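This is what each chain is made of:
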Amino acid sequence: MTKLAKTALVLLLLLGAVAAWADDKSGDVKQISEKVDQHYNTLKSMRAQFIETYDGAGMSRSESGVISLKKPGKMHWEYTEPRKKLFISDGKTAWFYVPGEQQARRAPVSKIDDIRSPLRFLLGKTKLQKEFNNLVVAPDAKPVNAGDIILKGSPKGMEDRLSAVVLEVSPQGRIDRIRMEEVDGAVTEFRFTNEVENQPVSDSLFKFTPPPGVELVEATELGN
């Protein structure tokens, strides 16, 4: 066998192995879901950079910042671009504040209608297949990161708001992207990068104290 033929044979074998691996990944939603469960259920805290995009109601926007999560259900979203704003939750109460404004909003987590709230499951008692109806692998969907797998399902309890949620999952079970498709056609997407796991995080990060002169008002939705 010539050197060229040997090289071609090796390439064919490699391609075959990659194809078989891809088929295996795309064919077992249970295995992928369990890998996600295992990854997040072992986390105590997480910090990552995020990009949030929205397209709907005749408008589009892109924002970015840093998200910090801590069990159980604590979230701290610090938006830095294009303007600063905060969305904070201690698991029971949520606050929303735009620096410079004269009011900050507060609402019980159980009552707010906010697209960010379902992301608390990332640091709850994750059981992905119980969080979604009809969770399937979407092999034709193109991931942002090479090697990731796309899952798609309908989130339970939010059928009146969301028609589908797309999760881009890394081979390690990390969720790199979440795409939320609303029933009215609007789409919100979060991409996460530079994730840091299980670093000490003070509980004070998940409490909000209004700056001097800022009024705290009760609300049923926190907005953007």
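Scoring rules and cut-offs
Residues numbered from 1 in each chain as written. Predicted model: local features only at pLDDT ≥ 70, side-chain atom pairs only at ≥ 80, totals over all residues. Heavy atoms only, no water. Helix = DSSP H or I, 4+ residues; strand = E, 2+ residues; numbered from the N terminus. Buried < 20%, exposed > 50% of the residue type's maximum accessible area, 1.4 Å probe, protein only. Contact = heavy atoms within 4.5 Å. Areas by Shrake-Rupley, 256 points an atom, 1.4 Å probe, with all protein chains shown as cover. Pairing = 2+ DSSP bridges. Axes fitted to C-alpha atoms, helices over the stretch in contact; angles between N-to-C directions. Core = buried A, V, L, I, M, F, W, Y, C linked by side-chain atoms within 4.5 Å. Phe/Tyr/Trp six-rings, centres within 6.5 Å; stacked < 30°, edge-to-face > 60°. Lys NZ or Arg CZ within 6 Å of the ring centre and 35° of its normal. Expected span 1.5 Å × (residues − 1). Arc of directions from axis to C-beta. Polar contact = N/O pair within 3.5 Å; in protein donor to acceptor, adjacent residues only side chain to side chain. pLDDT = per-residue confidence, 0-100.

Help me understand the overall build of the chain in this model?
In terms of regular secondary structure, the chain is built from three helices and twelve strands. Buried positions account for 42% of the 224 residues belonging to the chain. By sequence separation, contacts in the chain at least 24 residues apart represent 53% of the contacts at least 6 residues apart. By element, 54% of the accessible surface of the chain is carried by carbon and sulfur atoms, the whole surface being about 12,300 Å².

Where do I start with the sheet that holds strand E9 (residues 162-169) in this structure?
Strand pairing in a sheet is mediated by backbone hydrogen bonds. Such pairs are either parallel or antiparallel. A sheet is described by the order of its strands in space; here twelve strands give the open sequence E7-E8-E9-E10-E11-E1-E2-E3-E4-E5-E6-E12, paired in mixed fashion. Two strands in the sheet have a free side with no partner beyond their single neighbour: strand E7 (132-137) and strand E12 (215-218). With direction set aside, neighbouring strand axes in the sheet form an average angle of 20°. Of the strands in this sheet, strand E1 (45-56), E7, strand E8 (149-155), E9, strand E10 (175-182) and strand E11 (187-197) touch helix H2 (residues 29-41), which is tilted by about 110° from E7.

Even after reading the chapter, I still don't get the nonpolar core, so can you show me in this structure?
Nonpolar side chains in soluble globular proteins tend to be buried together. Core analysis: the biggest nonpolar cluster contains 38 residues, and Trp-77, Leu-151, Leu-167 and Phe-192 have the highest contact counts within it. Membership of the second largest hydrophobic core comes to seven residues, among which are Leu-86, Trp-95, Ala-104 and Val-214.

Looking at this model, I keep getting lost on the packing of aromatic side chains. Mind explaining?
The relative placement of two aromatic rings is captured by the distance of their centres and the angle of their planes. What the rule picks out here adds up to six aromatic pairs. Here Trp-77 and Phe-190 contribute two aromatic rings whose centre-to-centre distance is 5.2 Å and whose plane-to-plane angle is 50°, an arrangement assigned as tilted. Placement of the pair is Trp-77 in strand E3 (residues 74-81) and Phe-190 in strand E11, with a sequence separation of 113 residues. Neither Trp-77 nor Phe-190 differs from the other in exposure class; each is buried. Consider the rings of Tyr-97 and Phe-208, whose centres lie 5.5 Å apart with planes at 45°: the pair is tilted. One end of the pair, Tyr-97, is in strand E5 (residues 93-97); the other, Phe-208, is in the loop between E11 and E12, and 111 residues separate them in sequence. Summarising the burial analysis for this pair, Tyr-97 and Phe-208 share the class buried. The rings of Phe-50, Trp-77, Tyr-79, Phe-190 and Phe-192 are connected pair by pair, giving a single aromatic cluster. We note Lys-85 situated over the ring of Tyr-79; from NZ or CZ to the ring centre the distance is 4.7 Å.

Can you help me understand H2 in this one?
Side chains of residues three or four places apart in an α-helix project in the same direction, reflecting 3.6 residues per turn. If you check H2, its first and last C-alpha atoms are 18 Å apart, about what 13 residues at 1.5 Å a residue would give, namely 18 Å. The complete set of buried residues in H2 reads Val-29, Ile-32, Ser-33, Val-36, Asp-37, His-39 and Tyr-40. The arc that holds the buried residues of H2, viewed along the axis, is 165°, so those residues lie on one side. Near the N-terminus of H2, the side chain that reaches the backbone nitrogen of Lys-30, with its oxygen 3.3 Å away, is that of Asp-28.

Can you walk me through the confidence of the model for the chain in this structure?
Any residue range with low pLDDT should be treated as having predicted coordinates unsuitable for detailed reading. For the chain, the mean per-residue pLDDT works out to 82, and 80% of the residues sit at or above 70. When pLDDT is averaged over each helix and strand of the chain, the minimum, 36, is found for helix H1 (residues 3-26) and the maximum, 95, for strand E2 (residues 59-70). Taken together, the stretch residues 1-26 has pLDDT below 50 and engages in eleven contacts with residues farther than four places along the chain or on a different chain.

What is the right way to look at the pairing of E9 in this model?
Along any regular strand the residues' side chains alternate between the sheet's two faces. Within E9, seven of the eight residues are buried, which leaves the element mostly enclosed by the surrounding structure. Hairpin remark: E8 followed by E9, antiparallel, with six residues in the connecting loop; positive phi at Gly-157, about 85°. Judged from the seven bridges that link them, E9 and E10 form a sheet pairing that is antiparallel. Opposite Val-165, over in E10, you have Met-180 as the bridge partner. What sits between the antiparallel neighbours E9 and E10 is a turn of five residues, in which Gly-173 has the positive phi angle 90°.

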